[in-house]
Amino acid sequence: MINYISQQQSSCLLESEDPLLSSLINKESKRQKNALSMVASASVALPSVIACENTTLINVTTEGYPNSRYHGGCRFVDQIEELAVERAKSAFSAKYANVQPHSGSSSNEIVIFGLLNPGDRILGMDICSGGHLTHGAPVSAIAKYFEVYSYGVDPKGYIDYEQIEDIALHCKPKLIICGASSYPRKIDFAKFRKIADKINAFLLADISHIAGLVASGLHMSPIDHAHITTTSTYKQLYGPRGGLILCGKDYDICVEKNVTLSQKLQKAVFPFYQGTPILNAIAGKARALDFVNSKEFALLMKNVILHSNTLANNLIELGYNVITQGTDNHMVLVNLLDRGITGYCAEKSLEECNIIVNRNRIAGDNKSSMIASGLRFGTNSLAFRGLGQPELKQCTEIINEILTHTTVISDTQFRLDENIKNKAVNQVKALCDQFPLYHV
Ligand SMILES: *Cc1c(COP(=O)(O)O)cnc(C)c1O
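Computed from a prediction, not measured in an experiment: that's the story for all the values here.

Colleague: Any chance you could break down the overall build of the protein for me, citing the residues and the numbers?
Modeller: Across its full length, the protein holds 16 helices and 19 strands. Over its C-alpha trace the protein gives a radius of gyration of 22 Å, about what one expects of a compact globule, namely 22 Å for 440 residues. Dimensions along the principal axes, computed over C-alpha positions, put the protein at roughly 70 × 60 × 40 Å. Residue pairs in contact within the protein that sit at least 24 positions apart in sequence constitute 72% of those at least 6 positions apart. For the protein, the exposed surface amounts to about 19600 Å²; the carbon and sulfur share of it is 52%. Each charge sign in the protein was given a centre, from 42 positive and 42 negative side chains, and these centres are 1 Å apart.

Encoded structure:
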């Protein structure tokens, strides 16, 4: 029985029904195949995750949870969702897991809108210092409905727990958010919990970037320190677009009369914030969370860290200002101020040679987020493709060659030497051919 339409069948159908769209999708696949992605917030979906997404699960409309749905026909999707929940609990040693959030952002919004009242105070990491939009950035919905306070990093780029405690004692937030989009060092979730307990605040740990390292024991797990842990599933879990909400030992604390934390979160996802779950994505989460429990994944995570360390050390040797002089996770942040090139120009110049990174504001940055004074690198995708230490060293040299031959004209205009560009494009192509994105 064919329970999913094969990649080949579906692409043939698409090509005959809609050649324009099909050709655009093909171009994108080819771009990915021939580019080295070093975007820290990205990774590669496991091929079997893509297989889950490409199934008739897409046709299922329902609301509610396994065994208490509002529509018929849920016999099998109930089992799929239960499997995803069990695997999420097992991957993170959690007591509670909700696999329905449509994204990492909505996971955070569900927790925040579900547990707090409008106008309540939140303390989160400042977006310039590495926090996420949903941690209370001025442009986010969170800042519109809550009173947001923020903490940054010290002049060396590290989280300063004493500073956070001072701010927390002063503003007495109802929720503290820890976890970051752009922070290369370990986060001490136990210290955050001590601060939260002093003011009786909830602690939310958002591990969107480091979920794989946490699951494989290479980073302290927040699961029993934070009241709630959230993550996106497409970054370091190599899964589908989506999010998870998890609880550890505090899952059954009472948050209202006769309501436990996990009961409150369950209702905060549905019916409070979301409608129908995306069942093909939930199957993809189940698949990715099983991969997370494998030996192969443990090895992948070790390589992710080895690679980021190689990258950081090589960049330092080449004279780059690597923020915090190194990394504990998959991420390397570079301050470009001393090189006279903006993040924007550096990103675009590297992209001309098919090396994909993203510009990033650095603490105290006086450039806007469109321009930025830094670059953020990550090693999830290259480790997945199987590049080794020598290739990472080679990548760093190619990056340096491109950046040193980029002549800056303005914040957004530059010229890249044509010979250097052609040479880099060929080197990148050779690496991409040697380490294909997918072995299919
Ligand atoms: C990427 C990220 C998110 C958002 O995830 P989306 O699924 O893209 O909405 C949330 N928090 C942090 C810290 C992130 O890095």
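Colleague: Which residues make up the site of the ligand, and what values go with them?
Modeller: Around the ligand there are 13 residues in total, and Gly 104, Ser 105, Asp 206, Tyr 234 and Lys 235 lie nearest to it. Measuring from a nitrogen atom of the ligand, one finds a side-chain N or O atom of Ser 208 at 3.4 Å. A distance of 3.4 Å separates an oxygen atom of the ligand from a polar side-chain atom of His 209. In isolation the ligand has 380 Å² of accessible area, and contact with the protein removes 88% of it. Tallying contributions element by element places helix 5 (residues 104-115) first for the shell around the ligand, with 3 residues.

Colleague: Can you explain the packing of aromatic side chains? Please cite residues and give values.
Modeller: Across all of its chains, the model carries 10 aromatic pairs by this definition. Between Phe 291 and Phe 297, the ring centres sit 5.3 Å apart and the planes meet at 80°, which makes this aromatic pair edge-to-face. Judged by its relative accessible area of 0%, Phe 297 falls in the buried class. Taken together, the ring pairs in this structure connect Phe 113, Tyr 145, Phe 146 and Tyr 273 into an aromatic cluster.

Colleague: So what's going on with the packing of helix 4 (residues 75-92) against helix 11 (residues 279-292)? Residues and values would help.
Modeller: Relative placement of two packed helices is described by the angle separating their axes and the distance separating the axes. Interaxial distance between helix 4 and helix 11 falls to 8 Å at its minimum, and their mutual angle equals 35°. When the axes of helix 4 and helix 11 are compared, the crossing they make is left-handed. Listed contacts from helix 11 to Val 77, Ile 80, Glu 81, Ala 84, Arg 87, Ala 88, Ala 91 and Phe 92 of helix 4 are Leu 279, Ile 282, Ala 283, Ala 286, Arg 287, Leu 289, Asp 290 and Val 292. Residues belonging to the contact of helix 4 with helix 11 are distributed by class as follows: 12 nonpolar, no polar and 4 charged.

Colleague: Any chance you could break down a nonpolar patch on the surface for me, citing the residues and the numbers?
Modeller: There is a patch of nonpolar side chains on the surface, built from Ile 127, Leu 133 and Val 139 and spanning about 270 Å² of accessible area. Mapped onto the fold, Leu 133 is located in the loop between strand 5 (121-125) and helix 6 (141-145).

Colleague: Describe the side chain of Ser 22, and please don't skip the residues or the numbers.
Modeller: Positionally, Ser 22 belongs in helix 2 (residues 19-33). Since its relative accessible area comes to 4%, Ser 22 is described here as buried. Sequence-distant contacts of Ser 22, that is, excluding residues within four places in its chain, are made with Leu 14 and Glu 15.

Colleague: Go over the nonpolar core with me, naming the residues and quoting the values.
Modeller: Grouped together as the largest cluster of nonpolar side chains are 65 residues, with contacts concentrated most on Phe 92, Ile 159, Ile 176 and Phe 192. In terms of residue count, the dominant contributor to this core is helix 11 (8 residues). When near neighbours in sequence (up to four residues on either side) are disregarded, Phe 192 contacts Tyr 151, Ile 159, Tyr 161, Ile 164, Ile 176, Cys 178, Ile 187 and Leu 203. Leu 36, Ile 355, Ala 424 and Phe 435 belong to the second largest nonpolar core, which has 36 residues in total.

Colleague: Explain the pairing of strand 7 (residues 175-178) to me, using residue names and the numbers behind them.
Modeller: The two faces of strand 7 match: Leu 175 and Ile 177 on one face and Ile 176 and Cys 178 on the other face are all buried. Bridge count for strand 5 against strand 7 is 2 bridges, and the pairing is parallel. Paired with Ile 122 across the strands is Leu 175, a residue of strand 7. Bridge analysis of strand 7 against strand 8 (residues 202-206) gives 4 bridges, and the strand direction is parallel. Looking at the pairing, Ile 177 lines up with Leu 204 of strand 8. For the handedness criterion, the β-α-β arrangement of strand 7, helix 8 (residues 189-198) and strand 8 is classed as right-handed.

Colleague: Now, about helix 12 (residues 295-317): what can you tell me, with residues and values included?
Modeller: End to end, helix 12 covers 33 Å across 23 residues, agreeing with the expected 33 Å (1.5 Å per residue, within 8%). Turning to helix 12, its buried residues number three or more, namely Phe 297, Leu 300, Met 301, Val 304, Ile 305, His 307, Ser 308, Thr 310, Leu 311, Ala 312, Asn 314 and Leu 315. The first or second residue beyond helix 12 is Gly 319, which carries a positive phi of 95°.

Colleague: Requested: an account of the sheet that holds strand 5, with residues and values cited.
Modeller: Strand order in this open sheet of 7 strands is 4-10-9-8-7-5-6, and the pairing throughout is mixed. Strand pairing shows two members of the sheet lacking a second neighbour, strand 4 (96-98) and strand 6 (147-151), which therefore form its edges. Strand-to-strand, the axes of this sheet are offset by a mean angle of 20°, without reference to chain direction. Judged from the 4 bridges that link them, strand 9 (residues 228-232) and strand 10 (residues 243-247) form a sheet pairing that is antiparallel. Bridging from a neighbouring strand, Thr 231 pairs with Leu 244 of strand 10. Against the sheet, helix 4 touches strand 4 and strand 10, its axis set at about 130° to strand 4. Lying on the sheet, helix 10 (residues 261-273) is in contact with strand 4, strand 8, strand 9 and strand 10; it crosses strand 4 at an angle near 5°.

Cut-off values and rules
- Numbering of residues begins from 1 in every chain and follows the order in which that chain's sequence is written.
- Whole-chain, interface and lining totals are the exception, using all residues; otherwise, since this is a predicted model, local features are given only for residues with pLDDT of at least 70 and side-chain atom pairs are given and counted only at 80 or more.
- The basis for every side-chain value is the complete set of non-hydrogen atoms in the structure, without hydrogens or water.
- Strands here are runs of E lasting at least two residues and helices are runs of H or I lasting at least four, both read from the DSSP assignment and numbered beginning at the N terminus.
- Radius of gyration here uses only the C-alpha atoms, and the compact-globule reference equals 2.2 Å multiplied by the residue count raised to the power 0.38.
- In this description, contact between two residues means that some pair of their heavy atoms is separated by no more than 4.5 Å.
- Using a 1.4 Å probe, the Shrake-Rupley method yields the accessible areas, and only the shown protein chains count as cover for residues.
- Just so you know, the count uses Lys and Arg for positive and Asp and Glu for negative, and it drops His and the chain ends.
- For charged residues, the charge sits on one atom: NZ in Lys, CZ in Arg, CG in Asp, CD in Glu.
- A cutoff of 4 Å decides nearness: a residue is near a molecule or strand if any of its heavy atoms lies inside that distance of it.
- Throughout this description, a polar contact denotes any pair of N or O atoms lying within 3.5 Å of each other; where both atoms belong to protein, one of them has to be capable of donating a hydrogen while the other can accept it, and for residues adjacent in sequence the pair is counted only when both atoms sit in side chains.
- We call Phe, Tyr and Trp rings a pair once their centres come within 6.5 Å, taking the six-membered ring for Trp, and we label the pair stacked below 30 degrees between planes, edge-to-face above 60, and tilted otherwise.
- Each residue is placed in one exposure class: buried if its accessible area under a 1.4 Å probe, protein chains only, is under 20% of its type's maximum, exposed if it is over 50%, and partly exposed if it falls in between.
- Axis definition: a line fit to C-alpha positions, over the contact stretch in the case of helices; interaxial angles, taken between N-to-C directions, run 0 to 180 degrees.
- Left-handed is the label given to a crossing in which the near helix is rotated counterclockwise from the far helix by less than a right angle, and right-handed is the label when the rotation is clockwise.
- For this classification, Asp, Glu, Lys and Arg are treated as charged, while Ala, Val, Leu, Ile, Met, Phe, Trp, Tyr, Cys and Pro are nonpolar and the rest, including Gly, are polar.
- A residue counts toward a patch only above 30% relative accessible area and without a salt bridge, and it is joined to like-charged neighbours within 9 Å or, for Val, Leu, Ile, Met, Phe, Trp and Tyr, to nonpolar neighbours within 5 Å.
- Salt bridges are defined as contacts in which a side-chain nitrogen from Lys or Arg sits within 4 Å of a carboxyl oxygen from Asp or Glu.
- Among buried residues, those of type Ala, Val, Leu, Ile, Met, Phe, Trp, Tyr and Cys that are joined through side-chain atoms within 4.5 Å constitute a nonpolar core.
- Here, a strand pair is defined by DSSP locating no fewer than two bridges between the strands.
- A crossover counts as right-handed when, viewed with the strands pointing away from the observer, the path leading from the first strand over the helix to the second turns clockwise.
- For a helix, the expected span equals 1.5 Å multiplied by the residue count minus one.

Read these as geometric descriptors, not functional statements.
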